[in-house]
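What follows is the residue order along each chain.
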Amino acid sequence: MLSAGARLVTMPAGTVLFREGQLCDSFLLLLRGRVRIQKVGQNGREIVLYRVMSGESCILTTSCLMAAEAYSAEGVAEADIRAAMVPDALFQALLGRSMEFRRFVFGACGRRLADLLCLVQQVAFGRIDARLAELLLERPALHGVVTATHQTLAVELGTAREVVSRQLKEFERRGWVRLERGSIVLLQVDALAAVGGSVPPL
């Protein structure tokens, strides 16, 4: 049923797959690439809710199809993607006929819900210094250099760019990082890990 009814699509990085308020008519199954799901507030502030990776589905799309509602966030391709678009009618039929498909769909929903609850807890109650330190250590670093703007980090943390800039300046004052244009040099990984409550990478 999937082979016969799904439509394979390829899209370049930067493509907006769906926007807030847009009606949903297909189930997205990502075969290759990475999609960022983000929410943009009326004041222009952004927050990354989660990312869809290869082999995963988008639970926002799932919830919109099941509730017949419009998207409440937007999805942007962070890398070139290849995906299977499953029409609404086929999605509903598969839910009714295939136990494996139901397990895949609802299992993804359960895992993502836990991630979103953790995100809400971090945004609502987490200290910005700890969250920023942890984010710096999580991002790919080449020779200790994290390539990211203050705005990019702010979007990831769901806060204002000015807040991130102030905290990075404080990290620099302590000698933990060195700020360069478009990048952050990690000087004291152990200190950042202690603030973030994580184990420094080997």
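All of the points below concern the structure found in this document. (Residues numbered from 1 in each chain as written. Predicted model: local features only at pLDDT ≥ 70, side-chain atom pairs only at ≥ 80, totals over all residues. Heavy atoms only, no water.)

**Topic: the sheet that holds strand E5 (residues 46-53)**
Let me state the cut-off plainly: We call two strands paired when DSSP finds no fewer than two bridges between them. A helix here means a DSSP run of H or I that spans at least four residues, while a strand means a run of E at least two residues long, and both kinds are numbered starting from the N terminus. For helices, the axis comes from a line fit to the C-alpha atoms of the stretch in contact; other axes are also lines fit to C-alpha atoms, and the angle between any two N-to-C directions lies between 0 and 180 degrees.
Here we have four strands laid out as an open sheet, ordered E2-E6-E4-E5, and antiparallel in their pairing. This sheet does not close on itself; its edge strands, each paired only once, are strand E2 (16-18) and E5. Here the average twist between neighbouring strands, direction ignored, is 30°. Pairing analysis gives four bridges linking strand E4 (residues 34-40) to strand E6 (residues 74-77), with the strands arranged antiparallel. Across the sheet, isoleucine 37 pairs through a bridge with glycine 75, a residue of E6.

**Digging into the side chain of serine 57**
This is how the line gets drawn: Here a residue-residue contact requires only that any non-hydrogen atoms of the pair lie within 4.5 Å.
By secondary structure assignment, the location of serine 57 is in the loop between E5 and helix H2 (59-67). Once you skip the residues sitting within four places of it in the chain, serine 57 turns out to touch Phe27, Leu28, Val52, Phe104 and Ala108.

**A look at the nonpolar core**
In a soluble, globular protein the nonpolar side chains are often hidden away together inside. Rule in force here: Here the nonpolar core consists of buried residues drawn from Ala, Val, Leu, Ile, Met, Phe, Trp, Tyr and Cys, with membership extended through side-chain atoms lying within 4.5 Å. Exposed residues in this analysis have more than 50% of their type's maximum accessible area, buried residues have under 20%, and partly exposed residues fall in between, with area computed by a 1.4 Å probe over protein chains only.
By size, the foremost hydrophobic cluster in this structure holds 32 residues, and its most contacted members are Phe27, Ile37, Cys58, Leu60 and Phe91. Counting residues per element, the ones that place at least two in this core are E2, strand E3 (26-32), E4, E5, H2, strand E7 (81-87), helix H3 (88-97) and helix H4 (99-125). Looking at which element gives the most residues to this core, the answer is E7, with five residues. Discounting residues that sit within four places of it in the chain, cysteine 58 has contacts with Phe18, Leu28, Ile37, Tyr50 and Val52. Counting 22 residues, the second largest nonpolar core, distinct from the first, contains Phe171, Val177, Leu179 and Ile184.

**Section: the pairing of E7**
Among the seven residues that make up E7, five are buried, leaving the element largely enclosed by the rest of the structure. Two strands pair when backbone bridges link them, and strand E1 (residues 7-11) and E7 are joined in this way by five bridges, in the antiparallel orientation. If you follow arginine 7 over to E7, its bridge partner there is methionine 85. In this sheet, E7 lies alongside E3 in antiparallel orientation, the contact comprising six bridges. Opposite phenylalanine 27, over in E7, you have valine 86 as the bridge partner.

**A few points about helix H8 (residues 189-196)**
Of all the positions in H8, only Ala191, Leu192, Ala193, Val195 and Gly196 are classed as buried. Buried residues along H8 sit against helix H5 (128-138), helix H7 (161-173), strand E10 (177-180) and strand E11 (183-186). Two residues or fewer after H8 comes glycine 197, characterised by a positive phi angle close to 75°.

**Some words on the sheet that holds strand E8 (residues 141-142)**
Strands sit in the order E8-E9-E11-E10 across an open sheet of four strands; the sheet is antiparallel. In this open sheet, the two edge strands, each paired with only one partner strand, are E8 and E10.

**Side note on the packing of aromatic side chains**
We count it as follows: Aromatic rings from Phe, Tyr and Trp, with only the six-membered ring used for Trp, were paired whenever their centres fell within 6.5 Å, and each pair was classed as stacked if the ring planes differed by under 30 degrees, edge-to-face if by over 60, and tilted otherwise.
Per the stated rule, a full pass over the model turns up five aromatic pairs. Between phenylalanine 171 and tryptophan 176, the aromatic rings sit 5.4 Å apart at their centres with planes inclined by 40°, giving tilted as the arrangement. With respect to burial, phenylalanine 171 and tryptophan 176 carry one shared label: buried.

**Focus on the environment of threonine 159**
Among the structural elements, threonine 159 can be located in the loop between helix H6 (150-157) and H7. With relative accessibility at 16%, the residue threonine 159 sits in the buried group. The spacing of threonine 159 and glutamate 46 is 113 residues in sequence and 7.8 Å in space, taken between C-alpha atoms. Filtering out sequence-adjacent residues up to four positions away, threonine 159 remains in contact with Arg45, Ile128, Ala154 and Val164.

**Some details on the pattern of salt bridges**
For the record, the criterion: In what follows, salt bridge is the name for a side-chain nitrogen of Lys or Arg lying within 4 Å of a carboxyl oxygen of Asp or Glu.
Under the definition given, this model contains 13 salt bridges. For the salt bridge of glutamate 78 with arginine 36, the shortest nitrogen-to-oxygen distance reads 2.9 Å. With glutamate 78 in the loop between E6 and E7 and arginine 36 in strand E4, this residue pair connects regions lying 42 residues apart in the sequence. For arginine 36, a relative accessible area of 19% corresponds to the buried category. Across the salt bridge formed by glutamate 162 and arginine 161, the nearest N and O atoms sit 3.5 Å from each other. Accessibility expressed as a relative area gives 42% for glutamate 162, which makes it partly exposed. What makes arginine 161 partly exposed here is its relative accessible area of 39%. Taken together, the salt bridges that share partners define one network made up of Arg34, Arg36, Arg51, Glu78 and Glu156.

These figures come from the coordinates and say nothing about function on their own.
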